[in-house]
Amino acid sequence: GAGVSQSPSNKVTEKGKDVELRCDPISGHTALYWYRQSLGQGLEFLIYFQGNSAPDKSGLPSDRFSAERTGGSVSTLTIQRTQQEDSAVYLCATAGASYNEQFFGPGTRLTVL
Amino acid sequence: QQPVQSPQAVILREGEDAVINCSSSKALYSVHWYRQKHGEAPVFLMILLKGGEQKGHEKISASFNEKKQQSSLYLTASQLSYSGTYFCGTYVSGNTPLVFGKGTRLSVIA
C-alpha cells in the first residue's frame, strides 16, 4: 500500500488479557516507531527500530510491553496482562531514515474494560 | 530529553497570526513539526535541519536557532483549517529516536 497501515483499528479487551497490535510500514522505510496517545495527551514514545540495530526500548512503560519487527518490515506491539491504564490510541510511524519525516498510521484504539 | 513547547494552547480569529515555540536542553540536528487534527493521525508539516536547510509547507514557516536549541513555527493569516494540535519533534544524532513535545492546541474561530 501507499501508506502505513495498522490493525486492528479498534480493540476492546478485558483486563488481564494479552493483545497484539500490528503495523505495516511503507516499503523501504528503515525506521519504525510506536507511540501511545491517551485522550487529549501528547505522543508518548514507546519503542524505535532502525534497520538492523538493536531497538531503543527506553520508552516502554513496563515489562508487559514488548515489540518486534520481523525482516525489517512488519512490526507487532504486544501488551501482556492488559490494565485499564493501557487504554489509549497506539500509533505507528515510519520513516526512510531516523531523521526523515515520519508517516503515521491511522492508529489502533485500545480499550481495556 | 523531551522538548518543551509553548504556549500550551492558543485561540485565534481567522486572519490572525500565531507563533509556537519549541526548545530543547540538547544540541539538535533537526526539528520536526507535525499537526494533528481531532481524531486523526499526525501529519508532517516541516523539517528544519542543522545548517539552515528547511523542507515543508508552503503557507507555514519556521525558524531554527541552533545555538539556542530552539525552533519557532509561524502561522500567518490563520485559516479555520489550521486548527489542531501542533507537535514539535527533536532529533539529536545517530540512532537516537525523534522525541515529541507535549503539543500546542491551536483553535481558529470565525
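Note: the structure precedes this text.
About the cut-offs
- Sequence order as written defines the numbering, with residues in each chain counted from 1.
- To label them, take the chains in the order written and letter them from A, then take the ligands in the order written and number them from 1.
- Whole-chain, interface and lining totals are the exception, using all residues; otherwise, since this is a predicted model, local features are given only for residues with pLDDT of at least 70 and side-chain atom pairs are given and counted only at 80 or more.
- Note that the side-chain values use all heavy atoms of the structure and ignore hydrogens as well as water.
- Residue contacts are defined here by distance: any two heavy atoms, one from each residue, within 4.5 Å place the two residues in contact.
- Buried surface area refers to the total accessible area, computed with a probe of radius 1.4 Å, that the two partners give up upon joining, counted for both partners together.
- What makes a salt bridge here is a side-chain nitrogen of Lys or Arg within 4 Å of a carboxyl oxygen of Asp or Glu, nothing more.
- Polar contact is the term for a pair of N or O atoms within 3.5 Å; when the atoms are in protein, one must be able to donate a hydrogen and the other to accept it, and sequence-neighboring residues count only if both atoms are side-chain atoms.
- Each helix is a run of H or I in the DSSP string that is no shorter than four residues. Each strand is a run of E no shorter than two, and both are numbered from the N terminus.
- By the convention adopted, Pro, Cys, Tyr, Trp, Phe, Met, Ile, Leu, Val and Ala count as nonpolar, Lys, Arg, Asp and Glu as charged, and the other residues, Gly among them, as polar.
- Grid spacing is 1 Å over the protein atoms alone, the probe is 1.4 Å, and a cavity is where that probe fits but cannot get out, while a pocket is an open set with protein on both sides within 12 Å along at least five of seven lines and lining residues have an atom within 4 Å of a point.
- Grid points are joined across faces, edges and corners, and a volume is the space filled by probe spheres set on the points.
- Three labels apply to residues, based on accessible area from a 1.4 Å probe with only protein chains included: buried if under 20% of the type maximum, exposed if over 50%, partly exposed otherwise in between.
- In this description, a disulfide is simply a cysteine sulfur pair whose atoms lie within 2.5 Å.

### Here we look at the interface of chain A and chain B
It is common to give the size of an interface as the accessible area lost on bringing the parts into contact.
Then, in step 1: Listed as interface residues are 21 residues of chain A and, on the opposing side, 19 residues of chain B.
Then, in step 2: Looking only at chain A, the three residues that lose the most surface to chain B are A:L43, A:Y99 and A:E101, adding up to 33% of its buried area.
Then, in step 3: Scanning the region where chain A abuts chain B turns up zero salt bridges.
Then, in step 4: Taken together, the connections running from chain A to chain B amount to three residue pairs in polar contact (both at pLDDT 80 or more).
Then, in step 5: Put simply, the parts of the chain that give the side of chain A that touches chain B at least two residues each are β4 (31-37) and β5 (44-50) of chain A.
Then, in step 6: Partitioning the side of chain A that touches chain B into residue classes produces nine nonpolar, ten polar and two charged.

### Points about the layout of surface pockets
Then, in step 1: Taken as a whole, the largest pocket encloses approximately 880 Å³ of empty space.
Then, in step 2: A:Q37, A:S38, A:G40, A:Q41 and B:Q36 are, among the 38 residues lining the largest pocket, the residues nearest its centre.
Then, in step 3: When its residues are assigned to classes, the lining of the largest pocket shows eleven nonpolar, 22 polar and five charged.
Then, in step 4: The space that makes up the second largest pocket amounts to roughly 180 Å³.
Then, in step 5: Around the second largest pocket, the lining residues are A:Y35, A:L43, A:E44, A:F45, A:D56, A:S58, B:Q1, B:Q2, B:T96, B:P97, B:V99 and B:F100.
Then, in step 6: At the level of secondary structure, the elements contributing two or more residues to the lining of the second largest pocket comprise β5 of chain A together with β10 (99-100) of chain B.
Then, in step 7: When its residues are assigned to classes, the lining of the second largest pocket shows six nonpolar, four polar and two charged.

### Notes on unusual backbone geometry
Leaving glycine out, the prevailing phi sign among residues is negative, and the prevailing peptide bond configuration is trans.
Then, in step 1: Geometrically, the link from A:S7 to A:P8 is a cis peptide bond, its omega value of -10° lying close to zero.
Then, in step 2: With respect to the helices and strands, A:P8 occurs in the loop between β1 (5-7) and β2 (10-13).
Then, in step 3: Between B:S6 and the following residue, B:P7, the backbone shows a cis peptide bond with an omega angle of -5°.
Then, in step 4: Secondary-structure assignment places B:P7 in the loop between β1 (4-6) and β2 (9-13).
Then, in step 5: In the Ramachandran plot, A:R81 falls in the positive-phi region, its phi being about 45° despite a non-glycine side chain.
Then, in step 6: Topologically, A:R81 is positioned in the loop between β7 (75-79) and β8 (88-95).
Then, in step 7: Residue classification places A:R81 among the partly exposed residues on the basis of a relative accessible area of 42%.
Then, in step 8: Not every positive phi belongs to a glycine, and B:A77 is a case in point at roughly 45°.
Then, in step 9: Locating B:A77 in the fold gives a position in the loop between β8 (70-75) and β9 (84-91).
Then, in step 10: With relative accessibility at 44%, the residue B:A77 sits in the partly exposed group.

### Notes on the state of the cysteines
Then, in step 1: Per the stated rule, a full pass over the model turns up two disulfides over all chains.
Then, in step 2: Across the disulfide, A:C23 is cross-linked to A:C92 (sulfur-sulfur distance 1.9 Å). Across the disulfide from A:C23 to A:C92, rotation about the S-S bond amounts to roughly -60°, and the bridge is consequently left-handed. With a gap of 69 residues between them, A:C23 in strand β3 (residues 19-24) and A:C92 in strand β8 connect regions that are remote in the sequence. Neither residue differs from the other here; A:C23 and A:C92 are each classed as buried.
Then, in step 3: Disulfide pairing is shown between B:C22 and B:C88; the S-S distance is 2.0 Å. Disulfide B:C22 to B:C88: torsion about the S-S bond roughly 70°, handedness right-handed. Remark: B:C88 occurs in strand β9 and B:C22 occurs in strand β3 (residues 18-23); sequence separation between them is 66 residues.

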